[in-house]
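Chain residues, written in single-letter form:
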Amino acid sequence: MNKLQDLLGSQNLSVFLSHYWAKKSVYIAGDSLRFQSLFSWNHLNDLLNYQTFRESELRFSRDGESLPAGDHPTLWRSRLQEGATLVMNGVHHRVPALKHLATNLRQEFGYRCHINLYSSPAQQQGFDCHYDTHDVLILQIEGEKEWLIYPETLPYPTADQPSYDRLPPEEPPYLQQVLSPGDLLYIPRGHWHYAIAQETASLHLTIGIHTATGLDWVNWLQQQLRDQPHWRQGLPLAGSCSFDPLKLRGHLESLRDQLITYLQEPQAIDDYLQYLSWQDQPHLPIQLPLQLHGDPLAQGLLGKFIWSPLHSLQWQAEDDQIKVLIGSKQMVFKGLPISLAMRLFSCRQFTLMDLGDWAPDLDFESAIAPLLQKLILAGILFVEADQDAEVSEVSSLAEVSKAPTAGGTVIIQPDDVRERSPIPKLYT
């Protein structure tokens, strides 16, 4: 199920994206228990009692004033009893359910998502009126909190344009709403807001969505240009000792023309789109002991093969080979029939029976098994027991696995499983 639509509940996703996203705040009421599986007071107690935190991960704020967190739970308890709001940054790194949520939202939004936790004592305000430099979704877990949302004064502020050195708008809030457990609130980037806990202590999660901007593309282009000597070359002297304005202007015009030529090439956008598709991707998951041996029959003949649930898989055919991209991994297969690739890399899960139907002429021992083993060891493919499989299928699958080969083989070159380059190279 689409995780964003799941969070939005009764709010239609298409309507949310067209009417509210990056435009105005919206409140969405929900069932009081719908976020309970994500987090609770018990989760917070376990984190505070049994885990350690760096200074950047745990902080306190009261009436807009930041307070030192210290490194002992006794001080944390005192801060809360004094009325301070507890903030736990990056809580998704500590709670698997939240990590799964953040990862899925990253896939759906296409940009990095993080989750912070806020716990406020009753009738307390942790922060002054401010805006965030990224879009946020507020999930109310426990208690109630009143939110006041004001329009933007600086459209689309970036991370280096914080609100603390600017004045909030003087007009009244365009949205004032008390959130109860199960409610959601969306606040666009740059919209001023503050919140006050009500009669009981409040616990909520804030999901931050860090969308890229045109400036990010420009910064990415700058990284590419560093690989070109003529962009690293010093400009002609501009001082009085040897200043030639025509020479300096000519040099800049030459650089400008080269940049324009590159920007007119499809590759200038294609490379950046590819970079966006895999940046901030989580690492490929670990599944032990399966990844110690990579045996495709670890769950028997009725095993179910599943691509990494935390990543989107992309593939394309180039000449006589198939290129597969998933997370930061790139794999190249030679001799893999295009008909099999179309089925194999376009589904989320499959069985050995499916492979037998898709490629009846490929020998299991010499072609199918090595292919699956490579994918398993690379952390791309997982094997689980198929609870719905029929035992009667075993005999027919055994026949498929022994099917005679028609000469087709799947070869994975030694260097064909590799990490993708952090920054795709610019064509020259």
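Everything below is about the structure printed above this text.
Residues numbered from 1 in each chain as written. Predicted model: local features only at pLDDT ≥ 70, side-chain atom pairs only at ≥ 80, totals over all residues. Heavy atoms only, no water.

Trainee: Break down the packing of aromatic side chains for me, with residues and values.
Mentor: Per the counting criterion, the structure on display carries 18 aromatic pairs. Centre to centre, the rings of Phe16 and Tyr186 are 5.2 Å apart; their planes meet at 75°, and the pair counts as edge-to-face. With Phe16 in helix H2 (residues 13-20) and Tyr186 in strand S9 (residues 184-187), this residue pair connects regions lying 170 residues apart in the sequence. Taking relative accessible area as the criterion, Tyr186 reaches 0% and is therefore assigned buried. Look at Trp217 and Tyr272: their rings are 6.4 Å apart centre to centre, the planes differ by 40°, and that puts the pair in the tilted class. Placement of Trp217 in helix H6 (residues 214-225) and of Tyr272 in helix H9 (residues 267-278) is noted, with a sequence separation of 55 residues between them. (Phe/Tyr/Trp six-rings, centres within 6.5 Å; stacked < 30°, edge-to-face > 60°. Helix = DSSP H or I, 4+ residues; strand = E, 2+ residues; numbered from the N terminus. Buried < 20%, exposed > 50% of the residue type's maximum accessible area, 1.4 Å probe, protein only.)

Trainee: Explain helix H3 (residues 41-50) residue by residue, including any values.
Mentor: When we look at burial in H3, the residues that qualify are Leu44, Leu47 and Leu48. For H3, the arc enclosing every buried residue in end-on projection is 90°, short of the 170-degree limit, so these residues lie on one face. Exposed side chains of H3 directed beyond 90 degrees from the buried face belong to Asn42, Asn49 and Tyr50. On its buried face, H3 sits against strand S2 (58-62), helix H4 (73-81), strand S4 (85-88), strand S5 (112-120) and strand S11 (202-210). (Arc of directions from axis to C-beta. Contact = heavy atoms within 4.5 Å.)

Trainee: I'd like a description of a nonpolar patch on the surface, backed by residues and values.
Mentor: There is a patch of nonpolar side chains on the surface, built from Ile286, Leu288 and Leu292 and spanning about 380 Å² of accessible area. Note on placement: Leu292 falls in helix H10 (residues 290-293). Overall, the relative accessible area of 65% leaves Leu292 in the exposed class. (Patch = residues over 30% accessible without salt bridge, like charges linked within 9 Å, V, L, I, M, F, W, Y side chains within 5 Å. Areas by Shrake-Rupley, 256 points an atom, 1.4 Å probe, with all protein chains shown as cover. Salt bridge = Lys/Arg side-chain N within 4 Å of Asp/Glu carboxyl O.)

Trainee: I'd like a rundown of the sheet that holds strand S16 (residues 349-351), residues and numbers included.
Mentor: Strands sit in the order S16-S12-S17 across an open sheet of 3 strands; the sheet is antiparallel. Two strands in the sheet have a free side with no partner beyond their single neighbour: S16 and strand S17 (381-385). Recorded for the sheet is a direction-independent mean angle of 30° between the axes of neighbouring strands. Across 5 bridges, the pairing between strand S12 (residues 303-307) and S17 is antiparallel. Within S17, the residue paired with Phe305 across the bridge is Val383. Across the sheet, helix H13 (residues 364-377) lies against S12, S16 and S17, angled at about 105° from S17, the strand it touches most. (Pairing = 2+ DSSP bridges. Axes fitted to C-alpha atoms, helices over the stretch in contact; angles between N-to-C directions.)

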